[in-house]
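Reading the structure
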Amino acid sequence: MADVLVCASSITGHVAPMLAIASHLRDAGHAVRMTTGSRFGDRVSGTGVEFIPLEGGADIDDSRLDEIFPGRAGTSGLAAVRFDVSHLFVGTMRPQWATLSAELQRRPADVVIYEGAFTGIAPLLAGSAPRPPVIGVGVIPLTLSSPHVPPFGPGLRYAAGRAARLRNRVLNLLIEKVVLRQQQREAQAAVGDCVPGARLSGYFMNGLRVVDVFMELSVASLDYPRPDLPPNIRYAGPVLPRASSTAQLPGWWAELDGSRPVVLVTQGTVDTRDLDRLLGPTVRGLAGEDVMVVAVTGGPPVERLGPLPANVRAATLIPFDLLMSKVSLMVTNGGFGGVHFALAHDVPLVVAGNTEDKPEVAARVEWAGVAVSLRTGTPSADQVRDAVRGVLKNESYRARAHSIGEDIRRSDALGAIAAEVDARTTMTGRS
């Protein structure tokens with residue numbers, strides 16, 4: 001059996017699938033350690049996985065980003081992208097590397113597994129010293145540049161053909177050489193600080209090219225066609241949450257009896273400070289519709305939604321694995337994991353998200369024919385109502401959701417990643 005070190009940035013949506021991977025490998029008999037933010041320590045230790053807390057500036061609370069990084073709240077568009085890249089990703093590379101390198105010195109690992117936002121892996125990959133095999137895991141859409149797909153970040157619509165490829169080449173150069181030029185320099189400097197003499201081999205978002213294998217937690221049918229995809233990058237399917245063994249259901253649960261369509265609306269569990277970004281417009285927009293709306297706040301009290309229309313039921317948290325079989329459509333801000341969970345249950349979407357990777361998620365689900373993207377993070381009530389009407393009336397959305405759902409259900413991300421661990425340790429003589 002192998003000694004495996006799992007690395008995750010201190011971002012809630014990234015920790016959950018990585019912890020599932022770590023727990024699965026431990027159950028398979030491997031010795032597994034996991035490093036991530038200190039606030040996840042109890043969750044990690046509770047699975048029997050050894051917990052290694054991140055140090056210093058890498059140990060952040062992603063529910064308080066605007067407080068931790070003054071000036072972030074006032075940014076939008078490209079300025080917001082640059083800010084987050086500099087502070088959340090490049091800015092955490094040095095302390096992440098400090099934790100990773102110290103841990104490898106304390107106890108060498110047979111395999112290191114990281115998720116794409118754990119930039120502390122870059123110095124290990126860029127250095128010339130011998131290293132253990134490295135397996136990357138994609139918990140957001142692929143960031144890899146290619147003339148066949150739009151550049152990652154702004155959520156541009158996919159197009160095929162010579163003109164589109166020319167557009168993509170020009171925009172990729174613009175983003176790499178102009179828009180994120182400073183962030184590329186910052187990443188290069190951070191790598192050199194961590195490992196003197198080490199240099200990135202190219203654009204910092206393309207680092208997954210140099211890992212031994214990169215397992216994207218999605219299915220090919222939910223990503224743009226990539227005829228030039230490197231052979232080390234594979235679609236493994238998503239890591240879905242385990243089924244709820246025990247759950248307390250709300251008193252109104254019996255009302256979800258199939259007599260009318262159920263529309264679920266959620267902003268996830270992180271972007272919940274302002275429930276009027278999406279929950280409020282959805283509640284107001286669907287108040288007069290012949291649907292049952294289930295509004296899940298993700299933690300804040302339901303009273304923050306104000307008086308509820310007669311066709312709305314609300315809860316702070318609810319077991320989605322039990323709910324999804326009753327849902328006809330989900331309105332979401334586009335979290336990568338939540339979108340895959342809905343599609344795994346054949347549920348089409350209306351997506352309204354404009355932060356982090358959400359524009360890219362929204363663009364992909366719209367292209368795949370499973371969703372309407374509102375192309376904003378703060379839609380109006382009318383926009384939500386019209387989009388919901390359109391998806392519910394057009395059976396093609398559910399048909400496409402069912403098709404991609406079948407792809408997801410056929411996948412086995414945990415098994416595929418475990419097989420890669422076994423293959424890498426066999427190559428190095430550990431089994």
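Higher on the page you've got the structure.
Our subject in this report is the structure included herewith. (Residues numbered from 1 in each chain as written. Predicted model: local features only at pLDDT ≥ 70, side-chain atom pairs only at ≥ 80, totals over all residues. Heavy atoms only, no water.)

**A short note on the nonpolar core**
Judged by nonpolar contacts, the single largest core of 34 residues is most densely connected at Leu343, Leu349 and Val370. Those elements that place two or more of their residues in this core are β8 (262-266), β9 (292-296), α11 (336-344), β12 (349-351), α12 (358-367) and α14 (395-410). Here this core takes six residues from α11, the largest share from any one element. When near neighbours in sequence (up to four residues on either side) are disregarded, Leu343 contacts Leu222, Leu349, Val370, Ala401, Ile404, Gly405, Ile408 and Arg409. Counting residues in hydrophobic clusters, the runner-up holds 32 residues, among them Leu5, Ala58, Ala198 and Phe214. (Core = buried A, V, L, I, M, F, W, Y, C linked by side-chain atoms within 4.5 Å. Buried < 20%, exposed > 50% of the residue type's maximum accessible area, 1.4 Å probe, protein only. Helix = DSSP H or I, 4+ residues; strand = E, 2+ residues; numbered from the N terminus. Contact = heavy atoms within 4.5 Å.)

**With respect to the pattern of salt bridges**
Under the defined criterion, the tally for this structure stands at 30 salt bridges. Taking the shortest distance from any N to any O, the salt bridge between Arg72 and Asp84 comes out at 2.8 Å. Highlighted residues: Arg72 in the loop between α3 (65-68) and α4 (77-89) and Asp84 in helix α4, separated in sequence by 12 residues. Residue class for Arg72 comes out buried when judged on its relative accessible area of 14%. Overall, the relative accessible area of 10% leaves Asp84 in the buried class. The partner of Arg409 in a salt bridge is Asp346, and the shortest N-O contact between them spans 2.9 Å. Taken as a pair, Arg409 in helix α14 and Asp346 in the loop between α11 and β12 lie far apart in primary sequence, 63 residues in all. Here Arg409 falls in the partly exposed class, since its relative accessible area comes to 42%. Within this structure, Asp3, Arg33, Glu50, Glu103, Arg106 and Arg107 form a network of salt bridges that share partners. (Salt bridge = Lys/Arg side-chain N within 4 Å of Asp/Glu carboxyl O.)

**Some details on the sheet that holds strand β13 (residues 371-373)**
Sheet architecture is open: six strands sit in the order β10-β9-β8-β11-β12-β13, paired in parallel fashion. Only two strands of the sheet have a single partner each, and these edge strands are β10 (312-315) and β13. In this sheet, neighbouring strand axes are inclined to one another by 15° on average, regardless of whether the strands run parallel or antiparallel. In this sheet, β10 lies alongside β9 in parallel orientation, the contact comprising four bridges. By the bridge assignment for β10, Val296 is matched with Ala315. Relative to the sheet, α12 contacts β12 and β13, its axis offset from that of β13 by approximately 135°. (Pairing = 2+ DSSP bridges. Axes fitted to C-alpha atoms, helices over the stretch in contact; angles between N-to-C directions.)

**Here's the deal with the sheet that holds strand β6 (residues 213-216)**
Pairing is parallel in the open sheet, where seven strands are placed in the order β3-β2-β1-β4-β5-β6-β7. Strands at the two margins of the open sheet, each flanked by one partner only, are β3 (50-53) and β7 (233-235). Ignoring strand direction, the axes of neighbouring strands in this sheet form an average angle of 20°. Pairing of strand β4 (residues 111-115) with strand β5 (residues 134-138) involves four bridges; the strand directions are parallel. Among the inter-strand pairings, Glu115 is bridged to a residue of β5, identified as Val137.

**Details of helix α13 (residues 381-393)**
With 13 residues, α13 should cover 18 Å at 1.5 Å per step; its first-to-last C-alpha distance of 18 Å lies within 8% of that length. Within α13 the residues assigned to the buried category are Val384, Ala387, Val388 and Val391. Down the axis of α13, the buried side of the element spans an arc of 100°, and every buried residue falls inside it. Check the buried side of α13 and you find it contacts β8, α9 (279-285), β11 (329-332), β12, β13 and α14. (Expected span 1.5 Å × (residues − 1). Arc of directions from axis to C-beta.)

**Description of the environment of Ile404**
Here Ile404 lies in helix α14. Residue classification places Ile404 among the buried residues on the basis of a relative accessible area of 0%. Sequence-wise, Ile404 and Ala344 are 60 residues apart; in three dimensions their C-alpha atoms are separated by 7.5 Å. Those residues in contact with Ile404 that sit more than four places away from it in its chain are Val219, Ser221, Leu222, Leu343, Ala368 and Val370.

This is a description of form; function is not addressed.
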